[in-house]
Structure formats: structure tokens, C-alpha cells
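Read off the chains here:
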Amino acid sequence: MNQFTFKTDTPEQTLEFAEKLGSLLQPKDLITLEGDLGAGKTTFTKGLAKGLGITRTVSSPTFTIIKEYKGRLPLYHMDVYRVEDSFEDLGFDEYFEGDGVTVVEWAKLIEEQLPKDRLEIKLFHEGDLNRRIELEPIGKRYIDVCEEIFSK
Ligand code: ADP
Ligand code: MG
């Protein structure tokens, strides 16, 4: 199993790491984010958005499920926490097959609808400002991305 770990001690470090990931992404890339409330999923997405050249402020899409931002590539930011039925199809495929990058918070809740290949990211709350970020790439594309981030 391929697994990469990054430890962060401040929100800024998380933003910076996520920005680096964002700058390496390509159309149709899929990132899933897991972690308890307050673990830093939305913070991570903000950094990633910056790396995609998005200047608008990214906020949690909790009440809308999906928000779209324009940048070097579009970002489709989903928070599926409030999806009641894991098979409920809200047109996710159109995003996965679109020209942008998709980030899904609480992705496990719609696991059945997710493409197999993706970069699974888990955030663990280890202290006030400490987080452990685990990246598990599934598929060659995402293994390459992780190797690139961690080679520098
Ligand atoms: P989630 O989307 O997982 O519920 P948020 O990103 O909305 O989490 O909230 C994370 C909170 O934790 C923010 O208030 C953020 O400032 C804070 N925080 C503290 N330390 C960190 C860190 N190292 N990385 C990310 N967020 C952190
Ligand atoms: Mg969130």
C-alpha cells in the first residue's frame, strides 16, 4: 500500500502543503478528504484552491453540497456530509468527468459513486494546531503526484 504522511503544526503549513498539491493537479483529478469536524478538510481545500489559481475565498459548501470556482482549472468543491442516501445521485459524474478538479469532503458517505482512482487524504486532529495528514494514492496518476510532492 502506498501511503505518505505529512505533519503540520499550523493552519498555514496545511495551506502551504495543500497549495503545492493544487499546483500539480490536472483536469479530472479527484481528491477525497476524510477527518472529523474541525480536522482541517475545508482549510486544506482553501490551500488547494490557491494552488489552482483561484482567488475567490473558498468556504464550506455544506448547505449547497457542491460549489464551483474558476481558476487555472475549475474546482468542484463538494461537502457531502448532508447527503442522506449514499446512492442519491446529485449528478456527481458530470463533475468527475468534467474539466476541473474535484475535492470531496466526507467522501466515504458516497463511496459507491466515486471513481476507483483517486487521492484519498485523511486528516487527524493531534493537538490544538497539530494535524497528521495521510495521503493514500489509488492509481498510477496519484502515486506520481504524491512522489512529486514528497520528492522536494
Ligand atoms: P473541517 O472542514 O475538517 O471541518 P475546517 O478546515 O473547517 O475543518 O476547520 C479546521 C479548524 O482547525 C480551523 O479553524 C483551522 O484554523 C484550525 N486548525 C488549527 N491547526 C490547524 C492545522 N495545522 N491545519 C489545519 N487547520 C488547523
Ligand atoms: Mg469542512
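Values in this document were obtained by computation on a predicted structure and should not be read as measured data.

A. Main features of the site of ligand 1. Neighbouring ligand 1 are 16 residues; Thr14, Gly38, Lys41, Thr43 and Leu129 lie closest to it. At 2.8 Å from an oxygen atom of ligand 1 is found a main-chain nitrogen or oxygen belonging to Gly38. Between Lys41 and ligand 1, the recorded distance is 2.8 Å, taken from a side-chain N or O atom to an oxygen atom. Calculation on ligand 1 without its partners gives an accessible area of 570 Å², and the protein chains cover 75% of this total. Breaking the shell around ligand 1 down by element, the ones donating at least two residues are α1 (11–24) and α2 (41–51).

B. Region of interest: unusual backbone geometry. The phi dihedral of Ile65 falls on the positive side, at around 70°, and the residue is not glycine. Note on placement: Ile65 falls in the loop between α2 and β3 (66–69). We classify Ile65 as buried; its relative accessible area is 13%. Backbone geometry places Trp106, a non-glycine residue, at a positive phi of 60°. The residue Trp106 is located in the loop between β5 (101–105) and β6 (118–125) in this model. The class for Trp106 is buried, based on a relative accessible area of 17%.

Scoring rules and cut-offs
- Residues numbered from 1 in each chain as written.
- Chains lettered and ligands numbered in written order.
- Predicted model: local features only at pLDDT ≥ 70, side-chain atom pairs only at ≥ 80, totals over all residues.
- Heavy atoms only, no water.
- Near = heavy atom within 4 Å.
- Polar contact = N/O pair within 3.5 Å; in protein donor to acceptor, adjacent residues only side chain to side chain.
- Areas by Shrake-Rupley, 256 points an atom, 1.4 Å probe, with all protein chains shown as cover.
- Helix = DSSP H or I, 4+ residues; strand = E, 2+ residues; numbered from the N terminus.
- Buried < 20%, exposed > 50% of the residue type's maximum accessible area, 1.4 Å probe, protein only.

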